[in-house]
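Structure at a glance
Listed below are the residues making up each chain.
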Amino acid sequence: MKMYAICDCDNCYCSCERVFRPDLAGKPVVVLSNNDGCVIARSREAKAAGIPMGLPYYQLAERFPSLDVAVFSSNYELYGDITRRVMSIIRSECTEFYRYSIDEAFCVLEDMDGEALKAWGERLSRKILKWVGMPVSIGIASTKTLAKCADYFAKYYPGYNHCCVIDTEAKREKALKMFPVKEVWGIGRRMRRQLEDMNISTAWDLLQKPQFVVRRQFHLPGERTWLELKGVDCVPLDEMHGKKSICTSRSFPGTVKDFDTLKTHVANDAAKCSEKLRKQGSVCNNVMVFIDTNRFRDDLPQYANSTDLTLLTPVNSTQEVVGAAVQCLRSIYREGYQYKRAGVIVTGIQDASAIQTDFMDFDALRHEKMQQITTATDGINLSNGSETVFLGCQQYRQRDERGKSIGFRDAIKHQFRSKSYSLRRKEFLEVR
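Now for a description of the structure that goes with this document. From a predicted model like this one, the values you see are computed outputs, not experimental measurements.

Quick look at unusual backbone geometry
- In this structure, histidine 162 takes a positive phi of about 70° despite not being glycine.
- You can see histidine 162 is positioned in the loop between α6 (144-156) and β8 (163-165).
- Judged by its relative accessible area of 32%, histidine 162 is partly exposed.

Here it is as structure tokens:
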């Protein structure tokens, strides 16, 4: 019988920070968003203390003055490297592997009974903790949605020893009667409100509704979730990876007035989009840029706009995606406004191995050169740490009172960023 295992890193970002900081064990830890704006990750201790997700950083000390909280700026370079090590271990322990997100992966397991599945999950969890230092919970069941339910119990109930297996009808019924419907994989905010109006609080309550009612009320996605909870495997594996669109957007710490500073933010967002494209082995043929002022400031003039550019040949190189984004920004930027947010969205995503060059694009040789430059740049950044090599427009140019350039500074604020211990030689952990 085919079974699915979901391997999920516990409190991933906070756990990554703890890998090289064992002194933080048992202490509340939070990780902040880009520009140190608000809380985006919390350790179990921080959740127990009542720190809410999305809490602005400036309110943290005000609302929890007596709580000793370890605060970190987001360090995606470190998180990416540690989770890559975790995924390589998981991949070596199964024949079929599908990475679902930065901290989650599905495994396909066949011809194993309940005891063997339980032993496999517990052994894998111990191995990852010993080799990498990352706590991992594993849920195993006959469908991916049920496996996510099992993962919930493995994560929050210590008695399961980091691995919960749902392999019988009795276990499925017992688990779903205890499982909050709002935690079911595939149920979003809108559907959650509808379920609350129908007095449905557990996954088991949802299953008591006839299939035709679920389909009429929640359409095909809701019916598919209902079937998965019933034990019918109907979520295709090809939906486990490969995004159809990629968006990178950030709100600024203050407001931005001049074009050069705004261009720096957009360039960084576009560079991040191109990096994500290359990671999933794809290219895009459309780049969209949007900008917006602070709609909560009634005392300031308001402006918002967006535009996109369709590329003749799909690309994923940083130079070309950033170039297209800056071209879009120039067409919508207006002086006299204080901008609060900007972002880049790439669409028309397809597999990089199936690029069809447009016969009207006479600059194919330049695309090939850009691809070679990107490959070389990625190699340098992989060996020496991200952003060892980057585009000049990705940093602010600092100027003195007379307007003279006095150097550069990073575009993103990260006052509490930890070192990239496992990537940069100059930041390796020192032991006396």
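Some thoughts on a nonpolar patch on the surface
- Taken together, the side chains of Tyr156, Tyr157, Tyr160 and Met178 present a nonpolar region at the surface, about 390 Å² in accessible area.
- With respect to the helices, strands and loops of the structure, tyrosine 157 is situated in the loop between α6 and β8.
- Owing to a relative accessible area of 36%, tyrosine 157 belongs among the partly exposed residues under this scheme.

Digging into the sheet that holds strand β4 (residues 70-73)
- Strand order in the open sheet made by the 3 strands is β3-β2-β4, with mixed pairing throughout. Sheet topology places β3 (39-42) and β4 at the edges, where each strand pairs with a single neighbour. Adjacent strand axes in the sheet meet at a mean angle of 30°, parallel and antiparallel pairs treated alike.
- The pairing of strand β2 (residues 29-32) with β3 spans 3 bridges and is antiparallel.

Description of the nonpolar core
- Grouped together as the largest cluster of nonpolar side chains are 37 residues, with contacts concentrated most on Ile90, Cys107, Trp120, Met134 and Ile140.
- Broken down by element, this core gets its largest block of residues, 7 residues, from helix α4 (residues 76-92).
- Look past the residues within four positions of isoleucine 90 in its chain and what remains in contact with it is Cys7, Phe97, Cys107, Leu124 and Ile128.

Re the packing of aromatic side chains
- For the structure on display, the rule yields 20 aromatic pairs.
- Pairing tyrosine 76 with tyrosine 79 gives two aromatic rings, centres 6.0 Å apart and planes at 90°, and the pair type is edge-to-face. Highlighted residues: tyrosine 76 and tyrosine 79, both in helix α4, separated by 3 residues, approximately one helical turn.
- Residue classification places tyrosine 76 among the partly exposed positions, given a relative accessible area of 32%.
- For tyrosine 79, a relative accessible area of 0% translates into the label buried.
- Plain terms: the ring middles of tyrosine 303 and tyrosine 337 are 5.1 Å apart, the flat faces sit at 25° to each other, and that makes the pair stacked. Within this pair, whereas tyrosine 303 is found in the loop between β10 (282-293) and β11 (304-315), its partner tyrosine 337 is found in the loop between α12 (318-332) and β12 (339-347), the two being separated by 34 residues in sequence.
- For tyrosine 303, a relative accessible area of 14% gives the class buried.
- Between lysine 144 and the ring centre of tyrosine 4, over which it is positioned, the NZ or CZ distance is 4.0 Å.

Thresholds, definitions, all that
Residues numbered from 1 in each chain as written. Predicted model: local features only at pLDDT ≥ 70, side-chain atom pairs only at ≥ 80, totals over all residues. Heavy atoms only, no water. Helix = DSSP H or I, 4+ residues; strand = E, 2+ residues; numbered from the N terminus. Buried < 20%, exposed > 50% of the residue type's maximum accessible area, 1.4 Å probe, protein only. Patch = residues over 30% accessible without salt bridge, like charges linked within 9 Å, V, L, I, M, F, W, Y side chains within 5 Å. Areas by Shrake-Rupley, 256 points an atom, 1.4 Å probe, with all protein chains shown as cover. Salt bridge = Lys/Arg side-chain N within 4 Å of Asp/Glu carboxyl O. Pairing = 2+ DSSP bridges. Axes fitted to C-alpha atoms, helices over the stretch in contact; angles between N-to-C directions. Core = buried A, V, L, I, M, F, W, Y, C linked by side-chain atoms within 4.5 Å. Contact = heavy atoms within 4.5 Å. Phe/Tyr/Trp six-rings, centres within 6.5 Å; stacked < 30°, edge-to-face > 60°. Lys NZ or Arg CZ within 6 Å of the ring centre and 35° of its normal.

Geometric values such as these leave the question of function open.
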